[in-house]
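Coordinate inspection notes
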Amino acid sequence: MNDPIIAARGLDLTFKTNDGPVHALKDVNLEINKGDFVSFIGPSGCGKTTFLRCMAGLETPTAGTLTVNGMPPEEARKARAYGYVFQAAGLYPWRTIGGNIRLPLEIMGFSKADQAERVERVLELVDLAGFEKKFPWQLSGGMQQRASIARALAFDADILLMDEPFGALDEIVRDHLNEQLLQLWARTEKTIGFVTHSIPEAVYLSTKIVVMSPRPGRITDVIESPLPKERPLDIRDSAEFIEIAHRVRDGLRAGHLDD
Amino acid sequence: MKSILPVLTVVGAILLLWVLAVVPMNMHLTADQAQRDGLVVSPETPAARQEYSGLGLTLRNPGLIAATFVQERPRLPSPHQVAVEMWNTIVLKNITSKRSLVYHGWVTLSATLLGFGIGTGLGILLAVGIVYNRAMDMSVMPWAIASQTIPILALAPMIIVMLGSIGIQGLFPKAIISAYLSFFPVVVGMVKGLRSPDGMQLDLLRTYHASASQGFWKLRLPASVPYLFTSLKIGISAALVGAIVAELPTGARAGFGARMLVGDQYGQPLVTWAALFAAAITAASLVGLFSLLERLTLRRMGMVQA
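Residues numbered from 1 in each chain as written. Chains lettered and ligands numbered in written order. Predicted model: local features only at pLDDT ≥ 70, side-chain atom pairs only at ≥ 80, totals over all residues.

**Here's the deal with the overall build of chain B**
A count of helices and strands for chain B gives 13 helices and zero strands. From first element to last, N terminus to C terminus, chain B shows the α and β order α-α-α-α-α-α-α-α-α-α-α-α-α. At 25 Å, chain B has a C-alpha radius of gyration far larger than the 19 Å of a compact globule built from 306 residues. Projected onto its principal axes, the C-alpha positions of chain B cover 90 × 55 × 40 Å. When the 306 residues of chain B are sorted by exposure, 35% land in the buried category. In chain B, 76% of the contacts between residues at least 6 apart in sequence involve partners at least 24 apart. (Helix = DSSP H or I, 4+ residues; strand = E, 2+ residues; numbered from the N terminus. Rg over C-alpha atoms; globule rule 2.2 N^0.38 Å. Buried ≥ 20, exposed ≤ 12 C-beta atoms within 10 Å, placed from the backbone. Contact = placed C-beta atoms within 7 Å.)

**Here we look at the overall build of chain A**
Along chain A, the regular secondary structure elements total eight helices and nine strands. A compact globule built from 259 residues would reach a C-alpha radius of gyration of about 18 Å, and chain A, at 18 Å, matches this within 12%. Principal axes of the C-alpha set define a box for chain A whose edges measure 55 × 40 × 40 Å. For chain A, with 259 residues in total, the buried portion stands at 44%. Here the analysis covers contacts within chain A between residues at least 6 apart in sequence; of these, 70% occur between residues at least 24 apart.

**With respect to the interface of chain A and chain B**
Of the residues lining the interface, 18 residues belong to chain A; the matching set on chain B comes to 16 residues. Contributing elements (two or more residues each) for the side of chain A that touches chain B: α2 (73-78) and α3 (97-108) of chain A. Tallied by class, the residues present in the side of chain A that touches chain B amount to 13 nonpolar, two polar and three charged. (Nonpolar A, V, L, I, M, F, W, Y, C, P; charged D, E, K, R; others polar.)

**Brief notes about the sheet that holds strand β7 (residues 191-196) of chain A**
All names here are of chain A. The mixed open sheet is built from six strands, whose spatial order is β5-β6-β7-β3-β8-β9. Bordering the open sheet on either side are β5 (82-85) and β9 (218-224), each of which pairs with just one other strand. Adjacent strand axes in the sheet meet at a mean angle of 15 degrees, parallel and antiparallel pairs treated alike. When strand β6 (residues 159-163) meets β7, the two strands line up parallel, connected through five bridges. Across the sheet, the residue bridging to Leu-161 is Gly-193, located in β7. Helix-sheet contacts for helix α1 (residues 48-55) involve β3 (37-41), β6, β7 and β8 (208-213), and the interaxial angle to β7 is about 150 degrees. (Pairing = 2+ DSSP bridges. Axes fitted to C-alpha atoms, helices over the stretch in contact; angles between N-to-C directions.)

**A short note on the domain arrangement of chain A**
Residues and elements named next belong to chain A. We note that the domain assignment places domain 1 (6-81 + 159-257) and domain 2 (90-156) within chain A. Between domain 1 and domain 2, the C-alpha centre-to-centre distance is 25 Å. In this complex, domain 1 contributes 10 residues to the contact, which on the side of domain 2 involves 10 residues. (Domains from an automatic or database assignment.)

**Quick notes on the pairing of β3(A)**
All names here are of chain A. The element β3 is extensively covered by neighbouring structure, given that five of its five residues are classed as buried. Along β3, one buried face is formed by Phe-37, Ser-39 and Ile-41 and the opposite face, lined by Val-38 and Phe-40, is buried too. Pairing analysis gives five bridges linking β3 to β7, with the strands arranged parallel. Looking at β7, one finds that Ile-41 is bridged to Thr-196. Summarising the sheet, β3 and β8 pair through four bridges and their orientation is parallel. Opposite Ile-41, over in β8, you have Val-211 as the bridge partner.

**Regarding the pairing of strand β2 (residues 20-32) of chain A**
Residues and elements named next belong to chain A. One ladder, built from nine bridges, connects strand β1 (residues 6-17) with β2; its direction is antiparallel. Across the sheet, residue Ala-7 finds its bridge partner in β2, namely Glu-31. Adjacent in sequence and paired antiparallel, β1 and β2 are bridged by two residues.

**Description of the confidence of the model for chain B**
Across chain B, the average pLDDT comes to 91, with 98% of residues at 70 or higher. Interface confidence for the predicted complex, given as ipTM, is 0.88, next to a pTM of 0.84. (pLDDT = per-residue confidence, 0-100.)

**Some remarks on unusual backbone geometry**
Along the chain, A:Arg215 connects to A:Pro216 via a cis peptide bond; the corresponding omega equals -15 degrees. Summarising the element assignment, A:Pro216 is placed in the loop between β8 and β9. Geometrically, the link from B:Ser42 to B:Pro43 is a cis peptide bond, its omega value of -10 degrees lying close to zero. On the secondary structure map, B:Pro43 appears in the loop between α1 (4-36) and α2 (46-50). We note that A:Arg80 has phi near 55 degrees; this positive angle belongs to a residue other than glycine. Mapped onto the elements of the fold, A:Arg80 is located in the loop between α2 and β5. Here A:Arg80 falls in the partly exposed class, since 16 other C-beta atoms lie within 10 Å of it. Look at B:His209: it is not a glycine, yet its phi comes out positive at around 55 degrees.

**Structural notes on the sheet that holds β2(A)**
Residue and element names in this part refer to chain A. Here three strands make up an open sheet; going across it, the order is β2-β1-β4 and the pairing antiparallel. Each edge of the open sheet is held by one strand with a lone partner, namely β2 and β4 (63-68). Neighbour to neighbour, the strand axes of the sheet diverge by 30 degrees on average, direction disregarded.

**Some remarks on the nonpolar core**
Ranked by size, the top nonpolar core spans 78 residues in total, and within it A:Met55, A:Tyr82, A:Ala147, A:Ala150 and A:Leu161 carry the most contacts. Per-element accounting of this core gives the leading share, six residues, to helix α5 (residues 141-153) of chain A. Among residues more than four places away in sequence, those in contact with A:Ala150 are A:Ile101, A:Val122, A:Leu123, A:Leu125, A:Val126 and A:Leu128. Counting residues in each nonpolar core, the second largest holds 47 residues, with B:Tyr180, B:Leu232, B:Ala243 and B:Ala246 among its members. (Core = buried A, V, L, I, M, F, W, Y, C linked by C-beta atoms within 7 Å.)

**Observations concerning the environment of A:His197**
All names here are of chain A. When you line up the elements, His-197 lands in the loop between β7 and α7 (199-205). Classification of His-197 as partly exposed rests on a count of 14 C-beta atoms within 10 Å. It is 9.8 Å that separates the C-alpha atoms of His-197 and Lys-48, two residues lying 149 residues apart in sequence. Discounting chain neighbours no more than four positions away, the residues touching His-197 are Glu-164 and Gly-167.

**Considering helix α8 (residues 152-165) of chain B**
Over its 14 residues, α8(B) runs 20 Å from end to end, which matches the ideal 20 Å to within 8%, given 1.5 Å per residue. Just downstream of α8(B), B:Gly167 is the residue with a positive phi angle, here 90 degrees. (Expected span 1.5 Å × (residues − 1).)

Here it is as structure tokens:
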């Protein structure tokens, strides 16, 4: 029970590019426990997305160890241990919303009846009930992103990895989706890794905030949030919230001073 | 339907230019004919008339303008002559008649469709090979491009004669020329279409641990459909041109190409022009048919906003 869901020790990743090697991750150590909501925040090029992609088995670290559910990320990927939400919704335009959510289920070989039941359930979960037969272009950007979250939830992976899922949306929609995401997390008890650029978003959502800095990409601070699990939107005006946000900002600034 | 007015405007402009061109183009032979019929023509000898341009001769003989539109063997037939010839050979002739353009059209169309089918199938297969196989990616595309730089007029008789020498005649050699011209746009379009999914969409499938064939059927193939239709529209008209070209140099007895050649050789420009227009209308109809199929398919797939 107390084994971490995701554990990184001494993780290093160097990309070979035409301009020479790029040190994307350097000596990254982190443990994520079951039910954590972990945000990765930092400026562009700090390796937060790369780190998330390593957890997903989409990139291979050059050194160090990384385990997901106690196994290498590659195997966890093959065992379909996580759902991944990308920056853009990336729904297939030729599939309906229901069809898009069925995509992973078809690939993983769920039965037709099971597929229908799951599609209905996750659409309910992201507040899109009744939109099953619509095509993506008939939905707003925020609704499309919710549909892509439903797609990641459909096959009941315990881990949800999200790479700046709300980055392209306006602030009002983003607030609303953040609130919904917290409710969803409370209901499903998933472990969530969440990459973001936004300090308020990271503080509002997370139980653990990982502050990263670039060149080379590394972790500069890990903040355990003392905020309660129940978080109304106006918690963002509380003294505690502002204090954590302050600490995150300090961490980000410290990272930059090293340049 | 909004395009009707601009299209009609262009058609009207072309018809006007055509009608205007008929007069000077046909004036010399009209004058010769008028002289034989006992009319006074200026200047009086054919040799002297050759000194004049068509326009100059028209200015000297304005009375002959009407006659330029009804010459039996005009250098440039007038629009109504072509229309009448087409009416006679398409509607009035029994379609089993050797002089029916419907009969000749079907001969060309059947070769076109067979060749288009072969070309499209081959094009799709090659595109799949190019996308999935690195060796084919490096080797096939340059040859496909090179194949289209060879003038088809030079190549067509060679292919027809070679196939003829091993006993293959009729429909199939023409279809080969059609396929030769129509596979290329399909290869180019399908390679682009199959490669159109971006890195994110491919990564998404990796997170599902999808197999290569699932990636093909669920992502790459549907993503390529709009590209395929664009290629098909180019391919079908290229296939028709191929079939006609294949009929030209080989003494084919039937088909649009054969009619054009017969008209040329026997001094019957109306026959040539009627075949030309029938071929153009056929090509436009085929492209229109594929445009319609495209619209219906993409709407059904949800890829266009209905």
